[in-house]
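Residue-level structure breakdown
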Amino acid sequence: MKGRSFFVYILGNGKGTLYVGVSNNLERRMHEHKKRLIQGFASKYALDQLLFFEEFPYINEAIEMEKRIKGWVRKKKLALIRTRNPQIRRSG
């Protein structure tokens, strides 16, 4: 039986703004972002384009990675996104 998974993800809005989050259900969380069901930074800036995600077996690992990425400069975040998503435009 496969254990539970946790995801760190980065969203964009096509205008350069990035959002880093963590969830135990990425599909549900993306639905919430796309429909702007939860008020906050992501809904305010229409951040609903999934640019990057990574799966972790333990929540503490996912939260640790989320915090690490949030501490990075924008250039490093974009480089991470491009490792998984090379078709992303080279803007920002």
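Residues numbered from 1 in each chain as written. Predicted model: local features only at pLDDT ≥ 70, side-chain atom pairs only at ≥ 80, totals over all residues. Heavy atoms only, no water.

Our focus in this paragraph is the pattern of salt bridges. Applying the stated criterion to the full structure yields five salt bridges. Across the salt bridge formed by Glu32 and Arg28, the nearest N and O atoms sit 3.1 Å from each other. Here Glu32 pairs with Arg28, and both are found in helix α1 (residues 26–35), just four residues apart, close to one helical turn. Each of Arg28, Arg29 and Glu32 takes part in one network of salt bridges that share partners. (Salt bridge = Lys/Arg side-chain N within 4 Å of Asp/Glu carboxyl O. Helix = DSSP H or I, 4+ residues; strand = E, 2+ residues; numbered from the N terminus.)

The next thing to look at is the sheet that holds strand β3 (residues 49–56). In space, the three strands of this open sheet follow the order β2-β1-β3, with antiparallel pairing throughout. The outermost strands of the open sheet, each flanked by one partner alone, are β2 (18–23) and β3. Each strand of the sheet is rotated relative to its neighbour by a mean of 20°, with strand direction disregarded. One ladder, built from six bridges, connects strand β1 (residues 6–12) with β2; its direction is antiparallel. Its bridge partner lying in β2, Phe7 is registered against Ser23. (Pairing = 2+ DSSP bridges. Axes fitted to C-alpha atoms, helices over the stretch in contact; angles between N-to-C directions.)

Before going further, it helps to examine the environment of Tyr9. Mapping Tyr9 onto the fold places it in strand β1. Residue classification places Tyr9 among the buried residues on the basis of a relative accessible area of 1%. Distance from Tyr9 to Leu78, taken between C-alpha atoms, is 13 Å for residues 69 residues apart in sequence. The contacts of Tyr9, once residues within four sequence positions are left out, are Tyr19, Val20, Gly21, Val22, Ser23, Leu26, Arg29, His33, Leu50, Phe52 and Phe53. Within the local environment of Tyr9, its side chain forms a polar contact with the side chain of Arg29, the two groups lying 3.3 Å apart. Looking at Tyr9, its side chain comes within polar contact range of the side chain of His33, at 2.9 Å. (Buried < 20%, exposed > 50% of the residue type's maximum accessible area, 1.4 Å probe, protein only. Contact = heavy atoms within 4.5 Å. Polar contact = N/O pair within 3.5 Å; in protein donor to acceptor, adjacent residues only side chain to side chain.)

What follows is about the environment of Gly21. Looking at the element boundaries, Gly21 is found in strand β2. Since its relative accessible area comes to 2%, Gly21 is described here as buried. Residues Gly21 and Glu55 lie 34 residues apart in sequence; the distance between their C-alpha atoms is 12 Å.

What follows is about the nonpolar core. Val8, Ile10, Leu18, Phe52, Ile69, Leu80 and Ile81 are the most contacted members of the largest nonpolar core, which has 15 residues in total. Breaking this core down by element, the ones donating at least two residues are β1, β2, β3, α3 (59–70) and α4 (74–84). If we ignore the near neighbours within four places in the chain, the residues touching Ile10 are Leu18, Tyr19, Val20, Gln49, Leu50, Leu51, Phe52, Ile69, Leu80 and Ile81. With seven residues, the next largest nonpolar core counts Tyr9, Leu11, Met30 and Ala42 among its residues. (Core = buried A, V, L, I, M, F, W, Y, C linked by side-chain atoms within 4.5 Å.)

According to the stated counting rule, one finds four aromatic pairs in the structure shown. Ring plane angle 65° and centroid distance 6.2 Å describe the contact between Phe7 and Phe53, whose orientation is recorded as edge-to-face. Of this pair, Phe7 sits in strand β1 while Phe53 sits in strand β3, and the two are 46 residues apart along the sequence. Look at Phe7 and you get buried, because its relative accessible area is 14%. The partly exposed category is assigned to Phe53, whose relative accessible area is 39%. For the ring pair Tyr9 and Tyr19, a centre distance of 6.2 Å and an interplane angle of 45° mean the geometry is tilted. Of this pair, Tyr9 sits in strand β1 while Tyr19 sits in strand β2; the two residues are 10 residues apart in sequence, bridging distant segments of the chain. Each residue in the set Tyr9, Tyr19, Phe41 and Tyr45 is aromatic and connected to the rest through ring pairs, giving one cluster. (Phe/Tyr/Trp six-rings, centres within 6.5 Å; stacked < 30°, edge-to-face > 60°.)

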